[in-house]
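Structure assessment
Listed here are the chains, written in short residue letters.
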Amino acid sequence: VFAMSRATRLLDLLQLLRRHRYPVAGAELARELEISLRTLYRDIAALQAQGAHIEGEPGVGYVLRPGYMLPPLMLSPEELEALVLGARWVSDRGDARLGAAAQNALTKIVAVLPKDLADELDSTGLMVVPSWSAPRVQVDLGDVRAAIRAESRVNVRYVDLKEQASERVVWPIALGFFEHVRILVVWCELRQAFRHLRADRIVAWEPLAGRYPKRRAALMKAWKIEREEENARYEAEYPRPGEMATVQ
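The notes below deal with the structure included here. (Residues numbered from 1 in each chain as written. Predicted model: local features only at pLDDT ≥ 70, side-chain atom pairs only at ≥ 80, totals over all residues. Heavy atoms only, no water.)

Now for the overall build of the chain. Helix and strand counts for the chain stand at 8 helices and 7 strands. When each of the 248 residues of the chain is scored for burial, the buried share is 35%. Sequence separation of 24 or more characterises 57% of the internal contacts of the chain that already satisfy a separation of 6 or more. Working note: accessible area of the chain is about 16,200 Å², and carbon and sulfur atoms make up 55% of it. (Helix = DSSP H or I, 4+ residues; strand = E, 2+ residues; numbered from the N terminus. Buried < 20%, exposed > 50% of the residue type's maximum accessible area, 1.4 Å probe, protein only. Contact = heavy atoms within 4.5 Å. Areas by Shrake-Rupley, 256 points an atom, 1.4 Å probe, with all protein chains shown as cover.)

Now the structure itself:
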């Protein structure tokens, strides 16, 4: 019961800090949470140890800086297994930078877990079978992901399956990880349409200054709608065998 009440209190403290853009006094935080200053200082130290970017000190005030925070008390054993399995998949099938990031994240998660859960995850029976071969790409996929996050326009040189080369400016919005290929979803300024580029056929990648004029979330939504419409047209034209009897 104590662990649950403390977990709830820590989450409440995080939510309270998120509401304040500027440092807030410890006394005010303690008053809103109905706890003592001593307990507040202990809770802030606990959150900082778990990775929360809380800056400040007694008598000055506290502020929560942007960052990633993963309180282990909020995760069930199956949720933790899912995270471990996903991290191991990325470590095996991601590019070098993404694989290293997955290993680092997993190390941080295990480091703040209670010992019994950490031991259980270390010996989990969930495994990722090593892939036969990683897709070979000429561009750094870390740079590709950075452009997606920054919503950057990028000048690319691309060679299609017919070995025809083209140069174009694209707006990268998503990167798909398939077993043997990586597919980059872009809005192509040349075609004025969404395009899917194989990462292994991108031979040059040059980010341009400034962001593209639309938000990536809006582009993703438009792309998903377009894909759903294409899938619906395909299924109407080529119904599954079990649905043939219903087609008039």
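From this point, things continue past the structure.
Moving on, we get to the sheet that holds strand β7 (residues 202-211). With antiparallel pairing, 5 strands are arranged side by side in an open sheet as β6-β5-β4-β3-β7. Of all strands in the sheet, those bounded by a partner on one side alone are β6 (193-198) and β7. Ignoring which end each strand starts from, the neighbouring axes of this sheet average 45° apart. In the packing of helix α7 (residues 141-150) onto the sheet, the strands contacted are β3 (152-159), β4 (165-177), β5 (182-188) and β7, and the crossing angle to β4 comes to about 85°. Contacts between helix α8 (residues 216-237) and the sheet are confined to β4, β5 and β6, with β4 contributing the most and set at about 90° to the helix. (Pairing = 2+ DSSP bridges. Axes fitted to C-alpha atoms, helices over the stretch in contact; angles between N-to-C directions.)

We now examine helix α3 (residues 37-49). The end-to-end C-alpha distance of α3 is 18 Å, a good match for the 18 Å that 13 residues give at a rise of 1.5 Å each. For α3, the set of buried residues is Thr-39, Leu-40, Asp-43, Ile-44, Ala-46 and Leu-47. For α3, the arc enclosing every buried residue in end-on projection is 160°, short of the 170-degree limit, so these residues lie on one face. Counted as exposed and oriented over 90 degrees from the buried face of α3: Arg-38 and Ala-49. Note on α3: the residue one or two positions beyond its end, Gly-51, has a positive phi of about 115°. (Expected span 1.5 Å × (residues − 1). Arc of directions from axis to C-beta.)

Generally, phi is negative for residues other than glycine and the peptide bonds are trans, each holding for most cases. Despite not being glycine, Glu-34 shows a phi value in the positive range, around 60°. Its relative accessible area of 75% is what places Glu-34 among the exposed residues. Of note, the phi angle at Gln-192 is positive, near 55°, even though the residue is not glycine. Within the element layout of this structure, Gln-192 appears in the loop between β5 and β6. The class of Gln-192 is exposed, set by a relative accessible area of 52%.

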